Amino acid sequence: MKTLKIVTYLVILGSFNVPFQANAAIESCAVGWTTSPAQFEGTIQYDDMQGKINPSMHVLINGKATKMILDTGSNVNILWDASLLSETPGSDVQLIESHVASADSRAVAVTLADERGNVLRRKFHLTPSSALAADGYAGIVSPQAVAQDNALVLDFEKNCFFSSARFDIRSDSNLDVRRGATIPNPDGIMAIPVELDGK
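The structure contained in this document is the topic of the report that follows. Quick caveat: nothing in here was measured; it's all calculated off a predicted structure. (Residues numbered from 1 in each chain as written. Predicted model: local features only at pLDDT ≥ 70, side-chain atom pairs only at ≥ 80, totals over all residues. Heavy atoms only, no water.)

Across its full length, the protein chain carries two helices and ten strands. Scored against the burial criterion, the 199 residues of the protein chain give a buried share of 35%. Restricting to contacts in the protein chain with at least 6 residues of sequence separation, those with at least 24 account for 58%. With the model as given, the accessible surface of the protein chain reaches about 12600 Å², and the carbon-plus-sulfur share is 55%. (Helix = DSSP H or I, 4+ residues; strand = E, 2+ residues; numbered from the N terminus. Buried < 20%, exposed > 50% of the residue type's maximum accessible area, 1.4 Å probe, protein only. Contact = heavy atoms within 4.5 Å. Areas by Shrake-Rupley, 256 points an atom, 1.4 Å probe, with all protein chains shown as cover.)

Turning our eyes to something else, we now look at the environment of Phe 156. Along the chain, Phe 156 falls in the loop between β9 (151-155) and β10 (160-164). When the C-alpha atoms of Phe 156 and Ile 44 are compared, they prove to be 8.2 Å apart, with 112 residues separating the residues in sequence. Apart from residues no more than four positions distant in its own chain, Phe 156 is found in contact with Ile 44, Tyr 46 and Lys 52.

The phi torsion at Gln 148 lies on the positive side, around 55°, for a residue other than glycine. Relative to the helices and strands, Gln 148 is located in the loop between α2 (143-147) and β9. Positive phi values are uncommon outside glycine, yet Asn 159 reaches one of about 60°. By relative accessible area, which is 13% here, Asn 159 ends up buried.

Turning our eyes to something else, we now look at the state of the cysteines. Enumeration according to the criterion identifies one disulfide in this entry. There is a disulfide in this structure between Cys 29 and Cys 160, and the S-S distance comes to 2.1 Å. Taking the sign of the torsion about the S-S bond as the criterion, the disulfide between Cys 29 and Cys 160, at about 75°, is right-handed. Here Cys 160 lies in strand β10 and Cys 29 lies in the loop between α1 (2-23) and β1 (38-43), a separation of 131 residues in the sequence. (Disulfide = S-S within 2.5 Å.)

Rendered as structure tokens:
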């Protein structure tokens, strides 16, 4: 009976690791961008690949495989599946505003690992369960919150993203880089300028 339990455990463990082992052989997303190694990277998956709708990614949180929404509009990582935690969240309650919910949260540090074995410690905000849990999502990964002060590249052609040490892209002949301006952004909010009808 003990042997059966061990074999069952190994089969279950093996099934969680398959997506990560299979993707480890794929070329790094950072290739062609920088010679610096990626600190964290992931394959972007979509519910609808043609329309690139609902981007998500698979990660390990505290060693447990899970599916997360990839949200460039969020400046914090959010988790609603408390079963992934290995530490007790802090006692301070903070209101989190995101496009999926407005909820009270408590901060907790997690070990976040990508499909290549890169491991980071990052802060997540634990919220009550979300309706998105029924769709298999355990929370939201904010790429910029994962990258922190490092460089972050989202490559929608290769359907991947990575963070690495900062690098200079002006030496790349495939990119048209123009001098721009920066504005103070203490809250880490992202915005993309667009032109509509020449305005």
